[in-house]
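In case you want the letters, here they are:
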Amino acid sequence: MSLNKIFIMKRILKGLPIALTLFVFGVVGYYYMMQEALIFRCKRLDPNHEYTFNTSFEEVNLPVGKGDTINGVHFFHPNPKGVVFYLHGQGRDMLHWGERAERLVSYGYDVFVIDYRGWGKSTNNVSESNLMEDSMVGYNYLKERYNEKEIIVHGVSLGTAMATNVCAKNNPKLCILVSPYYNMLETAHFNKPFLPIWVLKIILKYHLRTDTWISKCKCPLHIFHGTKDRLIPYSQSELIVKKLKTSKVKYNFHSLDGWGHNYIYQNEIYMKEVAALLD
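Predicted model only: the values in this text are computed from it and were never measured. (Residues numbered from 1 in each chain as written. Predicted model: local features only at pLDDT ≥ 70, side-chain atom pairs only at ≥ 80, totals over all residues. Heavy atoms only, no water.)

So, about the overall build of the protein. When you go through the protein residue by residue, the secondary structure sums to nine helices and eight strands. Taking all 279 residues of the protein together, 51% fall into the buried category. A separation threshold of at least 6 residues defines the contact pool for the protein, and within that pool the share at least 24 residues apart is 71%. A total of about 14,200 Å² of accessible surface is found on the protein, and carbon and sulfur atoms cover 56% of it. (Helix = DSSP H or I, 4+ residues; strand = E, 2+ residues; numbered from the N terminus. Buried < 20%, exposed > 50% of the residue type's maximum accessible area, 1.4 Å probe, protein only. Contact = heavy atoms within 4.5 Å. Areas by Shrake-Rupley, 256 points an atom, 1.4 Å probe, with all protein chains shown as cover.)

Moving on, we come to the packing of helix H3 (residues 128–143) against helix H4 (residues 159–169). Put simply, H3 and H4 touch, their axes get as near as 9 Å, and they point 55 degrees apart. Our classification of the angle between H3 and H4 gives oblique. Two packed elements cross with a definite hand, and for H3 against H4 that hand is right-handed. Of H4, the residues touching H3 (which contributes Leu131, Met132, Ser135, Met136 and Tyr139) are Met162, Asn165, Val166 and Lys169. For the contact of H3 with H4, the class distribution of residues is six nonpolar, two polar and one charged. (Axes fitted to C-alpha atoms, helices over the stretch in contact; angles between N-to-C directions. Parallel < 35°, antiparallel > 145°, perpendicular 65-115°, else oblique. Left-handed = near helix turned anticlockwise from the far one by under 90°. Nonpolar A, V, L, I, M, F, W, Y, C, P; charged D, E, K, R; others polar.)

Phi is positive for Leu208, close to 40 degrees, though the residue is something other than glycine. In this fold, Leu208 is placed in the loop between helix H6 (197–203) and helix H7 (210–213). Overall, Leu208 belongs to the buried group, its relative accessible area being 0%.

Scanning the model with the defined rule gives eight salt bridges in all. For Lys121, the salt bridge is made with Glu59, and the minimal N-O distance between the two is 2.7 Å. Within this pair, whereas Lys121 is found in the loop between strand E4 (110–115) and H3, its partner Glu59 is found in strand E1 (residues 57–64), the two being separated by 62 residues in sequence. The shortest N-O distance in the salt bridge between Arg145 and Glu144 comes to 3.2 Å. (Salt bridge = Lys/Arg side-chain N within 4 Å of Asp/Glu carboxyl O.)

This is the structure:
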């Protein structure tokens, strides 16, 4: 090898640690800056949009924070047995989640669903404190209109953390959790395994500690999770169940064999069990 080639090789090797360091900081910086978009995928909706659903409903705007509002839709059954408080997952907006929530009216219940701040027609931006406050304000709205033992909390995916937080601080009839996660750190590590857990602990702004709130729930819990879920792994519910075994919370775990993350509302086991719970 010539002296010139040796010199070039030494320069490359010398600069490699610097390049690698810059790359690592770049990746970490990207995920720090983009975590809201990656975790929540909020979708806005024209504030003047007029909803159209197949069920009788009322659009509701509730004041939160300092001058903010959260937008919700209250569906009505002609002879309701109670009300389902539907806390939705990531992405989409009321056009999508309203249609999902509306399906529960067929079980004989009124249904109330909100868009958290950052979604749909709700104002301001998403934050962990806003998610907790928004879900609590929505629940308080229902407590003013229904006996608390007529309220069923139904959390889906992202919304399962808010659902457990609400149930830990209130006394609804029961809580239904679909595809829950132990906490956001565990879920982020599953979805981004190339990022060491200690790095995630530093950059993650949202912790959503389902594991902390769930053992404080005062109502029975019913958990549904698909064994082939690639977004929130089935193992997250297994961790939750392990946690619940050491608590006094009454729970049932419904394993949906071969099912993924989406369209669980079409699963036969889910439909049968929810029909029995809402009977």
